[in-house]
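If you want the building blocks of each chain, they are given just below.
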Amino acid sequence: MKMKKAYIILITLSLLQTACKKDSGLLYNDVARIQFGPAISVYYSSSQNYADTVKSQTFVYLNNAVKMDTVFFDIYTMGDISDKDRSFALQQENVPGAFNAVAGTHYKALNDPEMLKKYIIPAGQAHALVPIVLLRDESLKTQSATLKIVLSANENFQLGQAQLLWRKVIFTDQLSQPSAWTASASTTYFGKYSAVKHRFMIDVTQQKWDNDFINALIADTQLQHYWMGVVKSALVKYNNEHPGNPLKDEFGDLVVVP
Amino acid sequence: MKLLYKLLLLVAVFQFFSCKKDTTTISYAEKEVISVKGMDDIYPINIGQKLNIDPQVTSNKDADFDYVWGIYETNVQGYTPVLDTIGHSKQLDYTIIQPAKDWFLVLKVTNKKTGFSDYFTSTVRIGTEYTRGWYVIKDENNMTDMDFFLTPQSITPTTIRENVYSLINGRKLDGNAVMLRFFTDYKAPIAGTTTYANTRSLFLMSEKDAAVVNLSTLKDIRNFNSMFYGVPAVKHPTMVGNDFLVYFMVNDGQLHSIIGQGPSTGIFGGRKINTTLDLPYYLSKYHIMFISSYFFDELSSSFYSATDRSLYLSTIKDNPATQLPANNNNKKLIYMGTKTTAPLAGFAIFQDKTDPASKILASVSPNVNSFRMTYETLSPTDKVYNGSNYALLFTDENMMYFSVGNEVWSRNLSNKFEQLQYTVPAGETITFIRHRKATGTGAEAAYAYNYVMIGTKSGGNYKIRMFTKTSGNLAADPVFTLEGKGSATDAVYVGPSITTNMIYPSTY
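This section reports on the structure supplied with the text. The residue numbers shown here count from 1 along each chain, following its written sequence. Chains and ligands are labelled by the order in which they are written, letters from A for the one and numbers from 1 for the other. In keeping with the predicted nature of the model, local features appear solely for residues at pLDDT of at least 70, side-chain atom pairs appear and are counted solely at 80 or more, and the whole-chain, interface and lining totals rest on all residues. Hydrogens and waters are ignored; side-chain quantities use all the structure's heavy atoms.

## As for the overall build of chain B
Step number 1: A count of helical and extended segments in chain B gives two helices and 39 strands.
Step number 2: It is over C-alpha atoms that the radius of gyration is taken, and the globule rule equals 2.2 Å times the number of residues to the power 0.38. By the compact-globule yardstick of 23 Å for 508 residues, chain B is too spread out, its C-alpha radius of gyration being 30 Å.
Step number 3: Within chain B, buried positions represent 53% of all 508 residues.
Step number 4: Considering only contacts in chain B between residues 6 or more positions apart, those separated by 24 or more positions represent 57%.
Step number 5: For chain B, the centre of its 48 positive side-chain charges and the centre of its 45 negative side-chain charges are spaced 5 Å apart. To qualify as a helix, a DSSP run of H or I must reach at least 4 residues; to qualify as a strand, a run of E must reach at least 2; elements of each kind are numbered from the N terminus. For every residue, the accessible area obtained with a 1.4 Å probe (protein chains only) is divided by the maximum for its type, and the residue is called buried under 20%, exposed over 50%, and partly exposed between those limits. In this description, contact between two residues means that some pair of their heavy atoms is separated by no more than 4.5 Å. In this tally Asp and Glu are treated as negative and Lys and Arg as positive; neither His nor the chain ends contributes. Charge positions come from single atoms, namely NZ of Lys, CZ of Arg, CG of Asp or CD of Glu.

This is the structure we're talking about:
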């Protein structure tokens with residue numbers, strides 16, 4: 001009988017010992033995965049989840065001696081960090097209907113040994129920048145090349161969210177529409193994009209009218225009024241000086257600044 | 001028995017999870033009230049002075065108090081004010097270092113025995129020598145400067161500080177004086193940051209130059225070369241003012257703006273464009289401005305409006321009942337000013353471009369979509385016909401003041417009655433007439449005023465006589481006279497009671 005009581009007390013104590021357990025929260029317990037993401041500064045902003053999916057790059061503002069330029073994308077891992085460098089794998093995916101970039105001609109091949117050294121998540125890190133080295137080929141003076149890169153699984157990483165497995169860079173050596181010149185910016189500030197208008201803006205203001213410049217204008221109404229006023233006045237002057245032959249864009253449409 | 005033990009075991013286990021400490025508290029005791037005496041509503045104080053407050057704090061409960069004093073700024077746009085902790089004892093002994101303006105002082109009292117806290121607030125009205133007094137813009141030898149008259153006791157000044165602008169900034173403005181404006185929320189950069197803060201400031205304008213200074217220090221915030229995106233090729237400012245939403249400046253007849261309500265850098269944008277054809281325009285210095293703003297183009301004889309958001313001047317549509325079209329009316333604007341704010345209305349004197357002998361006095365009810373003007377034709381025998389230095393009594397009697405030679409006349413705008421109000425002494429030339437007023441209560445009651453200001457010059461000196469009025473008619477003698485060297489064109493009183501840009505009308 002005493003033994004029974006002892007067992008009962010022992011069992012009760014055992015149950016009491018294990019009754020409480022700290023809530024471990026929602027933990028990721030899957031294998032290591034990898035995916036692209038927004039810049040680390042806006043990583044926790046849900047509205048920015050798909051920022052930087054497509055980037056535009058142009059050589060047009062760079063000195064002619066410059067033959068290559070680098071675009072960076074942010075990449076993130078899921079799962080435990082590692083105390084060793086971990087490589088990840090990229091490959092090009094052709095975009096139907098686009099002038100797809102050619103490895104070695106328009107960009108340094110993703111499997112180039114020099115590039116492979118850079119496609120690494122450093123030890124102790126869960127984030128890295130992915131460099132894509134663009135090459136200034138003559139063909140870019142007349143065309144915009146598209147390079148779509150996609151992640152593939154390797155020995156270190158499985159794939160992350162399906163919609164975050166790719167990035168695209170559209171680059172050229174001719175004027176191209178800055179990504180900051182959005183549809184909204186067209187409606188509100190600058191009007192329809194055309195390379196002719198873009199070149200005209202650059203020429204009369206001696207400003208780049210690239211993403212940084214346009215974002216600065218959108219953020220400061222007074223600055224925007226100044227530069228748009230300069231453009232507007234120059235366009236009126238140009239059209240007055242060319243009676244019957246006003247400035248038209250590459251599509252044959254009249255260049256208009258709202 | 002086995003079953004009993006098993007049941008006991010189960011009960012013991014369930015009991016382990018069944019009890020939870022009840023942390024709710026329901027008290028029917030009397031609510032604690034902490035009282036503070038010895039804190040004033042307002043503490044006027046200058047930068048560098050000590051703020052000493054020793055309040056008496058009591059509670060209806062057994063108490064052992066903990067104290068925290070904090071201060072945070074008012075009139076903030078574009079960023080969140082931060083509470084700075086400035087004391088942890090009952091007696092506050094703090095040296096003021098904050099910029100001159102109104103701040104909120106907060107005392108948090110916590111009864112450590114009960115955990116109950118309460119907050120008590122006051123306004124700390126931080127100033128410098130320069131934050132209260134009369135400012136006069138004047139010129140000598142075609143160079144503009146500013147005199148400052150201290151008003152330590154009341155609106156009547158006691159002491160003059162001559163040429164304070166050049167004394168502090170080491171330069172005068174080029175050209176003769178034009179106007180002086182006081183702003184409460186001009187955006188000035190905070191030193192060492194990228195933040196721009198509402199700043200009480202004075203805008204000085206001469207025929208060829210301009211500067212905006214911080215009222216606390218009178219140091220330049222910006223000069224003409226730094227107050228525009230793209231410095232205009234011609235330096236010829238003629239007006240600066242603001243409505244509820246926008247700061248405007250006319251330079252060389254071209255209109256520039258800054259967002260008034262909201263984040264900005266305090267830098268004027270490029271000139272406004274006249275339609276998509278960029279038609280030429282040249283705006284008069286005269287304007288009507290309060291809840292919205294209206295300008296007159298001297299080239300086309302047309303009115304325009306404008307906002308800070310649009311690059312373009314806004315064209316005006318006539319009210320069907322207007323007697324004078326707002327566009328292409330072939331008139332030259334001799335004078336225009338703001339008379340009332342609700343509804344926004346003004347008066348203007350026009351001269352016909354084809355027949356310069358034809359002058360009219362128009363009542364102006366501005367509206368972008370329904371602009372209405374009615375007018376009376378002036379006779380050469382009307383004193384106002386040959387007047388100059390016009391001024392409207394802003395929101396007071398329906399009268400206009402003006403000068404004819406060395407005489408100051410009034411015209412009743414309702415019944416056309418004209419009356420000689422004052423004759424300046426022989427040898428003096430009238431340089432400007434303005435009506436300004438401000439209210440004040442409590443400690444500021446001594447600074448309330450309502451004056452018609454008559455500026456004159458004689459030799460190398462100016463006088464600005466400050467007249468009260470009764471039913472629109474000037475008192476026989478001025479309340480006081482500001483006197484200094486040079487020729488004055490404007491005078492503005494600035495003090496803590498002038499809390500918004502809208503107290504003084506933006507008008508000539």
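## Some points on the nonpolar core
All names here are of chain B.
Step number 1: Judged by nonpolar contacts, the single largest core of 66 residues is most densely connected at Phe203, Met249, Leu255, Phe295, Phe303, Phe350 and Met400.
Step number 2: Contacts of Phe350, omitting those with residues within four sequence positions, involve Phe296, Phe303, Leu324, Lys331, Lys332, Leu333, Ile334, Ser358, Lys359, Ile360, Ala362 and Met373.
Step number 3: Nine residue types can take part in a nonpolar core, namely buried Ala, Val, Leu, Ile, Met, Phe, Trp, Tyr and Cys, and a core is a set of them joined through side-chain atoms within 4.5 Å. In this structure, Trp134, Phe149, Tyr165 and Leu180 belong to the second largest nonpolar core, which totals 40 residues.

## Re the pairing of strand β2 (residues 42–46) of chain B
Residues and elements named next belong to chain B.
Step number 1: Of the two faces of β2, only the one carrying Tyr43 and Ile45 is buried; Ile42, Pro44 and Asn46 on the other face are not.
Step number 2: Following DSSP output, two strands are said to pair if at least two bridges run between them. Of the strand pairs in this sheet, β2 and strand β9 (residues 117–127) are connected by five bridges, and their pairing is parallel. Bridging across to β9, Ile42 finds its partner in Thr123.

## Some thoughts on the sheet that holds strand β10 (residues 166–172) of chain A
Residue and element names in this part refer to chain A.
Step number 1: Ordered in space as β2-β10-β8-β5, the four strands form an open sheet in which the pairing is mixed. Whereas interior strands pair on both sides, the edge strands pair on one side only; in this sheet they are β2 (54–58) and β5 (89–92). When strand polarity is set aside, the average angle formed by the axes of neighbouring strands in this sheet is 25°.
Step number 2: Examined bridge by bridge, β5 and strand β8 (residues 144–152) share four bridges and lie antiparallel to one another. When the sheet's bridge partners are listed, Gln92 is paired in β8 with Ile149. For helices, the fitted axis covers only the stretch in contact; all axes are lines through C-alpha atoms, and the angles between them, taken along N-to-C directions, range from 0 to 180 degrees.

## Overview of the packing of helix α4 (residues 195–205) of chain A against helix α6 (residues 221–241) of chain A
Packed helix pairs are specified by the crossing angle of their axes together with the interaxial distance, meaning the distance between the axes.
All names here are of chain A.
Step number 1: Remark: α4 packs on α6, axes separated minimally by 10 Å, with the N-to-C direction vectors making an angle of 105°. Judged by the angle between their axes, α4 and α6 are roughly perpendicular. Here Phe200, Met201, Val204 and Thr205 of α4 come into contact with α6, specifically with Trp227, Met228, Val230, Val231, Ala234, Leu235 and Tyr238.
Step number 2: Tallied by class, the residues present in the contact of α4 with α6 amount to 10 nonpolar, one polar and no charged. Orientation labels follow simple angle bins: below 35 degrees gives roughly parallel, above 145 gives roughly antiparallel, 65 to 115 gives roughly perpendicular, and whatever is left gives oblique. Gly is placed with the polar residues, together with every amino acid not listed as nonpolar (Ala, Val, Leu, Ile, Met, Phe, Trp, Tyr, Cys and Pro) or charged (Asp, Glu, Lys and Arg).

## Section: the packing of aromatic side chains
Step number 1: Pairing of aromatic rings covers Phe, Tyr and Trp, the last counted by its six-membered ring, and requires centre-to-centre distances within 6.5 Å; plane angles under 30 degrees mean stacked, over 60 mean edge-to-face, and any other angle means tilted. Per the counting criterion, the structure on display carries 42 aromatic pairs over all chains.
Step number 2: On the basis of an interplanar angle of 25° and a centroid distance of 4.6 Å, the ring pair of Tyr135(B) and Phe148(B) is categorised as stacked. In this pair, Tyr135(B) is assigned in strand β10 (residues 133–140) and Phe148(B) in strand β11 (residues 143–150), connecting sequence segments 13 residues apart.
Step number 3: The exposure class assigned to Phe148(B) is buried, which follows from its relative accessible area of 0%.
Step number 4: In this structure an aromatic cluster arises from ring pairing among Trp181(A), Tyr189(A), Phe190(A), Tyr193(A), Trp209(A), Phe213(A), Tyr226(A) and Trp227(A).
Step number 5: Here the guanidinium or amino end of Arg132(B) rests over the ring plane of Tyr447(B), the centre of that ring lying 3.8 Å away.
Step number 6: By the criterion adopted, a ring carries a charge over it if an Arg CZ or a Lys NZ lies within 6 Å of its centre and within 35 degrees of its normal. Sitting above the plane of the Tyr504(B) ring, Arg436(B) keeps its charged end 5.4 Å from the centroid.

## A look at the side chain of Asn274(B)
Residues and elements named next belong to chain B.
Step number 1: Here Asn274 is to be found in the loop between β20 (254–259) and β21 (283–289).
Step number 2: What makes Asn274 buried here is its relative accessible area of 2%.
Step number 3: Beyond its immediate chain neighbours, meaning those up to four positions away, Asn274 contacts Leu279, Pro280, Tyr281, Tyr304 and Leu313.

## Side note on the sheet that holds strand β15 (residues 196–206) of chain B
Residue and element names in this part refer to chain B.
Step number 1: Reading across the sheet, the four strands line up as β14-β15-β16-β17 and stay open at both edges, with antiparallel pairing between neighbours. Every other strand in the sheet has two partners, leaving β14 (177–189) and β17 (220–223) as the edge strands with one partner each. Direction aside, the axes of adjacent strands within the sheet are offset by 25° on average.
Step number 2: With 10 bridges connecting them, β14 and β15 associate as antiparallel partners.

## Regarding the packing of helix α5 (residues 211–219) of chain A against α6(A)
All names here are of chain A.
Step number 1: α6 packs onto α5 with a crossing angle of 120° between their chain directions and a minimal axis gap of 5 Å. By the angle between their axes, α5 is oblique relative to α6. Along the contact surface, α5 presents Phe213, Ala216, Leu217, Ile218 and Ala219, while α6 presents Thr221, Leu223, Gln224 and Trp227.
Step number 2: Of the residues assigned to the contact of α5 with α6, the class counts are seven nonpolar, two polar and no charged.

## What to know about α5(A)
Residues and elements named next belong to chain A.
Step number 1: Taken together, the buried positions of α5 are occupied by Phe213, Ile214 and Leu217. The buried residues of α5 occupy an angular sector of 95° when the element is viewed end-on, so they sit on one face. Among the exposed residues of α5, those oriented more than 90 degrees off its buried face are Asp212 and Ala219.
Step number 2: The elements touched by buried residues of α5 are α3 (183–190) and α6. The directions from the helix axis to the C-beta atoms are what the arc is built from.

## Observations regarding α4(A)
All names here are of chain A.
Step number 1: Along α4, the residues classified as buried are Lys197, His198, Phe200, Met201, Ile202 and Thr205.
Step number 2: Looking at the buried positions of α4, the neighbouring elements they touch are α3 and α6.
Step number 3: At the C-terminal side of α4, Gln206 shows a positive phi close to 60°.

## With respect to the pattern of salt bridges
Residue and element names in this part refer to chain B.
Step number 1: Salt bridge, as used here: a side-chain nitrogen of Lys or Arg that lies within 4 Å of a carboxyl oxygen of Asp or Glu. One pass over the structure, following the stated rule, counts 37 salt bridges over all chains.
Step number 2: With its nearest N and O atoms 3.0 Å apart, the salt bridge here joins Arg271 to Asp278.
Step number 3: With a relative accessible area of 25%, Arg271 lands in the partly exposed category.
Step number 4: Judged by relative accessible area, Asp278 falls into the buried class, the value being 15%.
Step number 5: Its salt-bridge partner being Lys437, residue Asp396 comes within 2.5 Å of it at the nearest N-O pair. Separated by 41 residues along the polypeptide, Asp396 in the loop between β29 (388–392) and β30 (399–404) and Lys437 in strand β33 (residues 429–438) bring together distant segments of the chain.
Step number 6: The class of Asp396 is partly exposed, set by a relative accessible area of 23%.
Step number 7: Overlapping salt bridges, with partners in common, bring together Glu376, Asp382, Arg411, Lys416 and Glu418 in one network.

## A few points about the side chain of Ser176(A)
All names here are of chain A.
Step number 1: Its location among the elements puts Ser176 in the loop between β10 and α3.
Step number 2: Residue classification places Ser176 among the buried residues on the basis of a relative accessible area of 19%.
Step number 3: If we ignore the near neighbours within four places in the chain, the residues touching Ser176 are Gln57, Thr58, Tyr193 and His198.

## Quick look at unusual backbone geometry
Negative phi characterises most residues that are not glycine, and trans characterises most peptide bonds.
Step number 1: Cis geometry is found at the peptide bond from Ala342(B) to Pro343(B), where omega equals 5°.
Step number 2: By the secondary structure assignment, Pro343(B) is in the loop between β25 (331–341) and β26 (344–352).
Step number 3: With a phi angle near 60°, Gln206(A) is a residue other than glycine that sits in the positive phi range.
Step number 4: Relative accessible area serves as the criterion here: at 65%, Gln206(A) is assigned to the exposed category.

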